[in-house]
Amino acid sequence: MEGIFNRKSGHSETKTPSGYRHSIAQNAFLLSESGDPSQDALEKYWERITKVKVSNSKFTIIVPVHNEEKSLASSAESLFQSLIPKKVEMSINFILNSCVDRSEAVIADFLSTMGEVTIQNVPKEELVYYQDAGLHSTYLEVKRGNNFWRVYKTETIGKANAIKLGSSIALFRDHQILISVDANNYVEPDTLTLMFRSAYSHFITQKDGVVILSATHRKEYREKHGIIERILREHGVFDDANYTPVYGWCMALDAMWVHENIQLVANEDYAMGVEARSQKRGEVHVDDARNWGYKTNLKDSFSQFRRYIRGILQLLSLRPELITIIMSDHYIMRPLPKRIEAIVKEIKLNPRKIFRCLWKFVYGEVGLMLGKCDYKREPNNQSWAGLSSTK
């Protein structure tokens, strides 16, 4: 987030949230005499944690970016501080998704602090393979050993499209593991190592049917909220969830599976989870891999809820047979009599929470109505707006 990381001063600033695990590279066993992480020590650390030889380690990271100028530099800095040896074959791809702010300048400036930035042409065969009509034919690149940092631009709107493009980039380079990190979040130094370890185990070693992994998401407030807003923010619409949710902040995905199954909708993380469950595929949370972001205020929370409804309606227009799973996930997508029945049942179980239950009903009904209006107005819109609670 803005102001949290400052590589030029050589340390994390005091705005780092309580509970954030500072770089393991600060420990003596990973430092060389220059004060930088020793590559030999990093390689030993990588192989000890992942149980995979550096020479056999390869994966792709994507950072979908849509007007994230406030948080992008700190998000990129957290990736830079990750404990990944330079000999690991890794590609970090910032996918600028129809940006109209300074995101491009911010990430270009960040790359310039890492080394020589070059402009590369996307080979014709890659452009054909990627199947993104809005993709620009050039990209920025900085190379650090076998780590490649790249910036692609596309005029095709939507995070789902960015993930689809990322899966194509991964598969073209024969990478089975794709990790997606949101541009307004930041990872801890060992998060990507732990996500790779779990993905390699499930996707490559065990081949156990798991196709989606989620990092553990940590939240904090950066602004003070009044008691009324805090109460209203805890609306409880999703309290009846009876499934393992996919946390879109930081995910590891089976690149081939997501390439073949992702639907271009507004709530791509939930849609992937529904698709996986419909195929009896697995979703897993990686408890020790932590990813940080800001807890939304009421305005942002409601905006995200409307987007969630819009995305579900888009998904059902593409895959109407998923309606049974979707209705079993949450009461909000059931017919009105069933929604009323769910609220009445909740009140009977706990009469003392009647006002919270009534607020849950009002919040859900208004959000459902507005989400349906959003869908009717723009049925194919999968874009997302910036969050005012991101600093």
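Conventions and cut-offs
Residues numbered from 1 in each chain as written. Predicted model: local features only at pLDDT ≥ 70, side-chain atom pairs only at ≥ 80, totals over all residues. Heavy atoms only, no water. Salt bridge = Lys/Arg side-chain N within 4 Å of Asp/Glu carboxyl O. Helix = DSSP H or I, 4+ residues; strand = E, 2+ residues; numbered from the N terminus. Expected span 1.5 Å × (residues − 1). Bend = angle between axes of the 7 residues up to and from the residue. Buried < 20%, exposed > 50% of the residue type's maximum accessible area, 1.4 Å probe, protein only. Contact = heavy atoms within 4.5 Å. Axes fitted to C-alpha atoms, helices over the stretch in contact; angles between N-to-C directions. Parallel < 35°, antiparallel > 145°, perpendicular 65-115°, else oblique. Left-handed = near helix turned anticlockwise from the far one by under 90°. Nonpolar A, V, L, I, M, F, W, Y, C, P; charged D, E, K, R; others polar. Phe/Tyr/Trp six-rings, centres within 6.5 Å; stacked < 30°, edge-to-face > 60°. Pairing = 2+ DSSP bridges. Right-handed = clockwise from strand over helix to strand, strands pointing away.

J.: Tell me what's going on with the pattern of salt bridges, and back it up with residues and numbers.
T.: All chains considered together, the criterion is met by 19 salt bridges. With its nearest N and O atoms 2.8 Å apart, the salt bridge here joins Glu141 to Arg150. The partner of Glu188 in a salt bridge is Arg290, with the nearest N and O atoms 3.0 Å apart. One end of the pair, Glu188, is in the loop between β9 (186-187) and α6 (191-206); the other, Arg290, is in strand β12 (residues 282-294), with 102 residues separating them in the sequence.

J.: Lay out α6 in plain terms, naming residues and giving numbers.
T.: Compared with the 22 Å implied by 1.5 Å per residue over 16 residues, the 21 Å span of α6 between its first and last C-alpha is a close match. At Tyr200, α6 shows its largest bend, some 30°. When α6 is considered as a whole, its buried residues turn out to be Thr191, Leu192, Thr193, Leu194, Met195, Phe196, Ser198, Ala199, Tyr200, His202 and Phe203.

J.: Explain the environment of Leu178 to me, using residue names and the numbers behind them.
T.: For Leu178, the location among the structural elements is in strand β8 (residues 177-181). Excluding its chain neighbours within four sequence positions, the residues that come into contact with Leu178 are Thr60, Ile62, Ile163, Gly166, Ser167, Met251, Ala252, Leu253, Ala255 and Val258.

J.: Go over the packing of helix α12 (residues 336-349) against helix α13 (residues 354-377) with me, naming the residues and quoting the values.
T.: One can describe the packing of α12 onto α13 by two numbers: an axis separation of 9 Å at closest approach and a directional angle of 160°. Classified by the angle between their axes, α12 and α13 sit roughly antiparallel to one another. Seen from above, α12 lies across α13 with right-handed handedness. Residues Leu336, Arg339, Ile340, Ile343, Glu346 and Ile347 of α12 touch α13, and the partners they reach there are Ile354, Cys357, Leu358, Lys360, Phe361, Glu365 and Leu368. In terms of residue class, the contact of α12 with α13 is made up of nine nonpolar, no polar and four charged.

J.: I'd like a description of the packing of aromatic side chains, backed by residues and values.
T.: Scanning all chains against the criterion turns up 19 aromatic pairs. Where Tyr130 meets Phe172, the ring centres are 6.2 Å apart and the plane angle is 70°; that geometry is what we call edge-to-face. Here the residue Tyr130 occupies a position in helix α4 (residues 124-130), and Phe172 occupies one in helix α5 (residues 159-172), the gap between them amounting to 42 residues. The class of Phe172 is partly exposed, set by a relative accessible area of 35%. Seen from their ring centres, Phe238 and Phe305 are 5.8 Å apart, and the 70° between their planes marks the pair as edge-to-face. Note that Phe238 is positioned in the loop between α7 (227-233) and β11 (250-254) and Phe305 in helix α10 (residues 298-318), a separation of 67 residues in sequence. Residue Phe238 is classed as partly exposed on the basis of its relative accessible area of 32%. One aromatic cluster in this structure is built from Phe238, Tyr243, Tyr270, Phe302, Phe305, Tyr308, Trp359 and Tyr363.

J.: Lay out the pairing of strand β4 (residues 89-97) with the relevant residues and their values.
T.: With eight of its nine residues buried, β4 lies for the most part within the structure. Note: strand β3 (residues 58-65) against β4, eight bridges, orientation parallel. Each bridged residue has a counterpart across the sheet, and for Val65 the counterpart in β4 is Leu96. Regarding the hand of the β-α-β motif, the stretch spanning β3, helix α2 (residues 72-80) and β4 is right-handed. In this structure, β4 lies alongside strand β7 (residues 147-154), joined through eight bridges in parallel fashion. Paired with Phe94 across the strands is Val151, a residue of β7.

Worth remembering: the numbers are spatial, not functional.
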